[in-house]
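Per-entry structural report
Given next are the chains, with one letter for each unit.
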Amino acid sequence: MPSPLPFWIAFVTTVALLVVALATGFLRKRKVHLWLGPATIVSLAIAIWQTEKLMRKYAFPPDALAFHLIFAKAGGLLAVPVVVTGIWLSKSERARIFHRVAVAVWLVSVLIATATGLWMFGLGSLKAG
């Protein structure tokens, strides 16, 4: 049986980085946020990679997987506006509202993807062999 430990380490690390990145962003701790924001995105990518590795060992109901993938793909794609508006914000204060909206939309999609992913894993079963 594959160990889910690497996934859980990546998941918890991502959540911790996300919370601190959000806090530093709202508190306008720019220097720290400029490190934590990108670190969160990288950590999320690692968590997704660990999820993909774990998923190869499980079978999921097709409808649950399809439903989850809508939000998972949206979360991945919506990271792009977060990064773009974050770079823009580093150059112009006018980007602040756009960055906040991008972060809010991305955060909602990631939270839904996380919830549907956990739900999907609850419905899954370990593949034989």
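In what follows, the structure referred to is the one given above.
Attention in this report is confined to the structure presented alongside it. Computed from a predicted structure; not experimentally measured. (Residues numbered from 1 in each chain as written. Predicted model: local features only at pLDDT ≥ 70, side-chain atom pairs only at ≥ 80, totals over all residues. Heavy atoms only, no water.)

Section: the packing of aromatic side chains
- Under the defined criterion, the tally for this structure stands at 9 aromatic pairs.
- Geometrically, the ring pair formed by Phe-67 and Phe-71 is edge-to-face, given 5.2 Å between the ring centres and 75° between the ring planes. On the criterion of helical spacing, the pair formed by Phe-67 and Phe-71 is a turn pair, its members being 4 residues apart in helix 3 (residues 62-91).
- Considering the side-chain rings of Phe-67 and Trp-119, the 6.2 Å spacing of their centres and the 85° angle between planes classify their relative orientation as edge-to-face. On the criterion of sequence distance, the pair formed by Phe-67 in helix 3 and Trp-119 in helix 4 (residues 96-123) is long-range, its members being 52 residues apart.
- Trp-119 sits in the partly exposed class, given a relative accessible area of 43%.
- An aromatic cluster is present here, built from Phe-7, Trp-8 and Phe-11 joined pairwise through their rings.
- One residue, Lys-53, lies across the ring of Trp-49, its end atom 4.7 Å from the ring centre. (Phe/Tyr/Trp six-rings, centres within 6.5 Å; stacked < 30°, edge-to-face > 60°. Helix = DSSP H or I, 4+ residues; strand = E, 2+ residues; numbered from the N terminus. Buried < 20%, exposed > 50% of the residue type's maximum accessible area, 1.4 Å probe, protein only. Lys NZ or Arg CZ within 6 Å of the ring centre and 35° of its normal.)

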